[in-house]
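Now for the letters of each chain:
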Amino acid sequence: DQQVKQNSPSLSVQEGRISILNCDYTNSMFDYFLWYKKYPAEGPTFLISISSIKDKNEDGRFTVFLNKSAKHLSLHIVPSQPGDSAVYFCAASRGEDMRFGAGTRLTVKP
Amino acid sequence: DAGVIQSPRHEVTEMGQEVTLRCKPISGHNSLFWYRQTMMRGLELLIYFNNNVPIDDSGMPEDRFSAKMPNASFSTLKIQPSEPRDSAVYFCASSLGFGGLSFFGSGTQLSVL
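The rules behind these values
Residues numbered from 1 in each chain as written. Chains lettered and ligands numbered in written order. Predicted model: local features only at pLDDT ≥ 70, side-chain atom pairs only at ≥ 80, totals over all residues. Heavy atoms only, no water. Helix = DSSP H or I, 4+ residues; strand = E, 2+ residues; numbered from the N terminus. Rg over C-alpha atoms; globule rule 2.2 N^0.38 Å. Buried < 20%, exposed > 50% of the residue type's maximum accessible area, 1.4 Å probe, protein only. Pairing = 2+ DSSP bridges. 1 Å grid on protein atoms, 1.4 Å probe; cavity = no way out; pocket = protein on both sides within 12 Å on 5 of 7 lines; lining within 4 Å. Points joined across faces, edges and corners; volume = space filled by probe spheres on them. Nonpolar A, V, L, I, M, F, W, Y, C, P; charged D, E, K, R; others polar. Core = buried A, V, L, I, M, F, W, Y, C linked by side-chain atoms within 4.5 Å. Contact = heavy atoms within 4.5 Å. Patch = residues over 30% accessible without salt bridge, like charges linked within 9 Å, V, L, I, M, F, W, Y side chains within 5 Å. Areas by Shrake-Rupley, 256 points an atom, 1.4 Å probe, with all protein chains shown as cover. Salt bridge = Lys/Arg side-chain N within 4 Å of Asp/Glu carboxyl O. Phe/Tyr/Trp six-rings, centres within 6.5 Å; stacked < 30°, edge-to-face > 60°.

Peer 1: Residues and numbers for the overall build of chain A, please.
Peer 2: For chain A, the count of helices and strands is 0 helices and 11 strands. Order of helices (α) and strands (β) in chain A, N terminus to C terminus: β-β-β-β-β-β-β-β-β-β-β. Rg of the C-alpha trace for chain A: 13 Å, near the compact-globule value of 13 Å for 110 residues, within the 12% margin. Referenced to the eigenvectors of the C-alpha coordinate spread, the extents of chain A come out at roughly 40 × 30 × 20 Å. Counting all 110 residues of chain A, 47% fall into the buried class.

In structure tokens form, the structure reads like this:
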């Protein structure tokens, strides 16, 4: 049972434009949400997170938005750069229990 | 810090053989997670430990899978007997404290022929 869903397996954008990656979750008990980035042959690395008490968190080019009523979060990357090309995993957690989505492969074209 | 260390990086084995994957968490971290990455399901949580005690193993797919954490610096994930559908990348991650950020190892690419 997938508690965290990323319905877009892939996304392609032009360099300099905005990338928007989406994520939905089913368990309203999750209280902390994260995005991880994964390059080939490496483990996922933490990118940005948001607590359930907030609806937006920004870190440089990366912004995460949380809509608790819709159980939806999104990651905005602007402007997108070729080095952002990777697989992005959305995660939701409560305590130590963290669940991941299937990932979205982002390709940023020069 | 060396980060989470997993071994081997790659494992190729024949169906029916026993496979043991190893993980050394970051020193001082008290939670350890085993994940399996597949194209269809992404990162699946298999099992996690807190203070060396298994907390939730509901993600372990079958009795063929078992995990141990004999001490705070070492964990194993064993598959016996292995099957071709077990082929995937297996990640270990560790974190500090309740709800702390998880740090991942580089993964073990398992191929069962």
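Peer 1: Account for the sheet that holds strand β7 (residues 62-67) of chain A, naming residues and giving values.
Peer 2: All names here are of chain A. One open sheet accounts for 5 strands, arranged β1-β3-β8-β7-β6; its pairing is antiparallel. Only two strands of the sheet have a single neighbouring strand rather than two, namely β1 (4-5) and β6 (56-59). Where β7 meets strand β8 (residues 72-77), 6 bridges bridge the pair, whose relative direction is antiparallel. If you follow Asn67 over to β8, its bridge partner there is His72.

Peer 1: Please provide a residue-by-residue account of the pairing of strand β7 (residues 65-71) of chain B, values included.
Peer 2: Residues and elements named next belong to chain B. Both β7 and strand β8 (residues 74-79) contribute to a ladder of 5 bridges, which runs antiparallel. When the sheet's bridge partners are listed, Lys68 is paired in β8 with Thr76. Between β7 and β8, which pair antiparallel one after the other, the connecting turn spans 2 residues.

Peer 1: Give a description of the layout of surface pockets that names residues and reports values.
Peer 2: The computed volume of the largest pocket comes to approximately 560 Å³. Lining the largest pocket are 29 residues, and of these Val87, Phe89 and Arg105 of chain A together with Gln37 and Met39 of chain B lie nearest its centre. If you list the elements that add at least two residues to the lining of the largest pocket, you get β1, β9 (86-94) and β11 (104-109) of chain A together with β4 (31-38), β9 (88-95) and β11 (108-112) of chain B. Across the lining of the largest pocket, the residue classes break down as 12 nonpolar, 12 polar and 5 charged.

Peer 1: So what's going on with the nonpolar core? Which residues, and what values?
Peer 2: Taken as a class, soluble globular proteins show a tendency for nonpolar side chains to be buried jointly. Residue and element names in this part refer to chain A. One finds Phe33, Trp35, Leu73, Leu75 and Tyr88 to be the most contacted residues of the largest nonpolar core, which totals 23 residues. Broken down by secondary-structure element, the contributors of at least two residues to this core are β3 (19-25), β4 (32-38), β5 (45-51), β7, β8, β9 and β11. Counting residues per element, this core draws most heavily on β9, at 4 residues. Leave out the neighbours within four places in its chain, and Leu75 touches Ser19, Ile20, Leu21, Trp35, Leu47, Ile48, Phe62, Thr63 and Tyr88.

Peer 1: Would you mind going over a nonpolar patch on the surface in detail, with residue names and values included?
Peer 2: A contiguous nonpolar surface patch, about 230 Å² in accessible area, is contributed by Ile18, Ile20 and Val78 of chain A. Structurally, Val78 of chain A is set in the loop between β8 and β9.

Peer 1: Could you give an account of the packing of aromatic side chains, naming the residues involved and the relevant values?
Peer 2: Going through the model one piece at a time under the given rule, you end up with 12 aromatic pairs over all chains. Ring centres of Tyr36 of chain A and Phe104 of chain B lie 5.4 Å apart, and the angle between their planes is 75 degrees; this geometry places the pair in the edge-to-face category. In this pair, Tyr36 of chain A is assigned in strand β4 and Phe104 of chain B in strand β10 (residues 103-104), connecting two distinct chains. Taken individually, Tyr36 of chain A and Phe104 of chain B each receive the classification buried, so the pair is uniform in this respect. An aromatic cluster is defined as three or more aromatic residues linked by ring pairs; in this entry it consists of Tyr36, Phe46, Phe89 and Phe100 of chain A together with Phe33, Tyr35, Tyr48, Phe91 and Phe104 of chain B.

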